[in-house]
Amino acid sequence: MNTYQFFNQNFGKFLTAQTNQPYMDAWRALSSNHLLQSGGQSRLVSGWAIIRPTGATVQTKLAASGIEYDELGRTRFAAFSEELSAWDGTPRMFLLFDKASIPIANLFMTLDLRAVRICTPDNVETFDYTQKASPSAGMIQRNLEKLRAKNAA
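Report on the accompanying structure. (Residues numbered from 1 in each chain as written. Predicted model: local features only at pLDDT ≥ 70, side-chain atom pairs only at ≥ 80, totals over all residues. Heavy atoms only, no water.)

**Examining the sheet that holds strand 6 (residues 93-97)**
Part 1 of the argument: In spatial order, the strands read 5-4-3-6-7-8; together these 6 strands make up an open sheet with mixed pairing. Each edge of the open sheet carries a strand with a single partner, namely strand 5 (68-69) and strand 8 (124-127).
Part 2 of the argument: Of the strand pairs in this sheet, strand 7 (residues 116-119) and strand 8 are connected by 4 bridges, and their pairing is antiparallel. Bridge assignment links Cys 119 to a residue of strand 8, and that residue is Val 124.
Part 3 of the argument: Across the face of the sheet, helix 4 (residues 139-152) comes into contact with strand 6, strand 7 and strand 8 while running at roughly 50 degrees to strand 8. (Pairing = 2+ DSSP bridges. Helix = DSSP H or I, 4+ residues; strand = E, 2+ residues; numbered from the N terminus. Contact = heavy atoms within 4.5 Å. Axes fitted to C-alpha atoms, helices over the stretch in contact; angles between N-to-C directions.)

**Section: the pattern of salt bridges**
Part 1 of the argument: Throughout the structure, instances matching the rule amount to 9 salt bridges.
Part 2 of the argument: As a salt-bridge pair, Glu 145 and Arg 148 come within 3.1 Å of each other at their nearest N and O atoms. Placement of the pair is Glu 145 and Arg 148 together in helix 4, with a separation of 3 residues, close to one helical turn.
Part 3 of the argument: Judged by its relative accessible area of 26%, Arg 148 is partly exposed.
Part 4 of the argument: The network of salt bridges with shared partners includes Arg 52, Glu 83, Asp 88 and Arg 92. (Salt bridge = Lys/Arg side-chain N within 4 Å of Asp/Glu carboxyl O. Buried < 20%, exposed > 50% of the residue type's maximum accessible area, 1.4 Å probe, protein only.)

**Comments concerning helix 1 (residues 3-10)**
Part 1 of the argument: Those residues of helix 1 that sit buried are Thr 3, Phe 6, Phe 7, Asn 8 and Asn 10.
Part 2 of the argument: Buried positions along helix 1 lie against helix 2 (22-31), strand 3 (47-52), strand 4 (55-58) and strand 6.
Part 3 of the argument: Where helix 1 begins, one side-chain oxygen reaches toward the backbone nitrogen of Tyr 4, 2.9 Å away; that side chain belongs to Asn 2. (Polar contact = N/O pair within 3.5 Å; in protein donor to acceptor, adjacent residues only side chain to side chain.)

**What to know about the side chain of Thr 57**
Part 1 of the argument: Along the chain, Thr 57 falls in strand 4.
Part 2 of the argument: Looking at Thr 57, its side chain comes within polar contact range of the side chain of Arg 52, at 3.0 Å.
Part 3 of the argument: Only 3.5 Å separates the side chain of Thr 57 from the side chain of Glu 68, close enough to count as a polar contact.
Part 4 of the argument: When sequence neighbours within four positions are dropped, the list of residues in contact with Thr 57 reads Trp 48, Ala 49, Ile 50, Arg 52, Glu 68, Tyr 69, Asp 70 and Arg 74.

**Observations concerning the packing of helix 1 against helix 2**
Part 1 of the argument: Contact geometry of helix 1 with helix 2 gives a least axis separation of 9 Å together with a crossing angle of 50 degrees. Taken as axis vectors, helix 1 and helix 2 run oblique relative to one another. The hand of the helix 1/helix 2 crossing is left-handed. Contact residues: helix 1 offers Tyr 4, Gln 5, Phe 7 and Asn 8, while helix 2 offers Pro 22, Tyr 23, Asp 25, Ala 26, Ala 29 and Leu 30.
Part 2 of the argument: Class assignment for the residues of the contact of helix 1 with helix 2 results in 7 nonpolar, 2 polar and 1 charged. (Parallel < 35°, antiparallel > 145°, perpendicular 65-115°, else oblique. Left-handed = near helix turned anticlockwise from the far one by under 90°. Nonpolar A, V, L, I, M, F, W, Y, C, P; charged D, E, K, R; others polar.)

**Remarks on the side chain of Ser 81**
Part 1 of the argument: As for its placement among the helices and strands, Ser 81 is situated in helix 3 (residues 76-85).
Part 2 of the argument: Residues within four places of Ser 81 in sequence aside, it is in contact with Tyr 129, Leu 144, Leu 147 and Asn 151.

**Notes on the pairing of strand 7**
Part 1 of the argument: Where strand 6 and strand 7 come together, 2 bridges link them in parallel fashion. If you follow Phe 94 over to strand 7, its bridge partner there is Ile 118.
Part 2 of the argument: Taken together, strand 7 and the strand that follows it, strand 8, pair antiparallel across an intervening segment of 4 residues.

Put into structure tokens, the structure is as follows:
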């Protein structure tokens with residue numbers, strides 16, 4: 001299964017109609033307006049999502065059935081840290097939403113803790129979660145490292 005198929009099967013299909021073009025379906029899910037539980041509409045412009053083979057958890061309260069909502073109010077770093085700490089070896093997608101939509105070119109699956117991929121509108125941060133963050137590590141890896149140290153104490 002490719003990245004777009006994984007994305008759509010476990011997240012996108014709950015947001016937009018699916019066609020035989022997985023890359024376009026993923027693009028529509030990431031760039032379209034979606035109904036919110038509050039009654040309004042919005043694109044995915046803030047928060048985070050973790051997509052698993054069993055479904056997805058998001059921070060934004062979308063009015064879409066089939067998606068789990070984070071009831072704990074966790075930050076993106078707390079949610080990602082907990083997911084990585086409880087890694088079961090199955091694929092994941094880690095998405096950070098911001099004002100701009102995540103381009104489909106920035107969608108990647110994480111298949112191994114040695115190559116974690118965090119997808120954002122600007123780039124994809126890739127790092128080895130089994131190693132300590134170096135001083136030149138990206139912002140996401142440094143924040144996850146701080147949480148790991150805090151949780152270990």
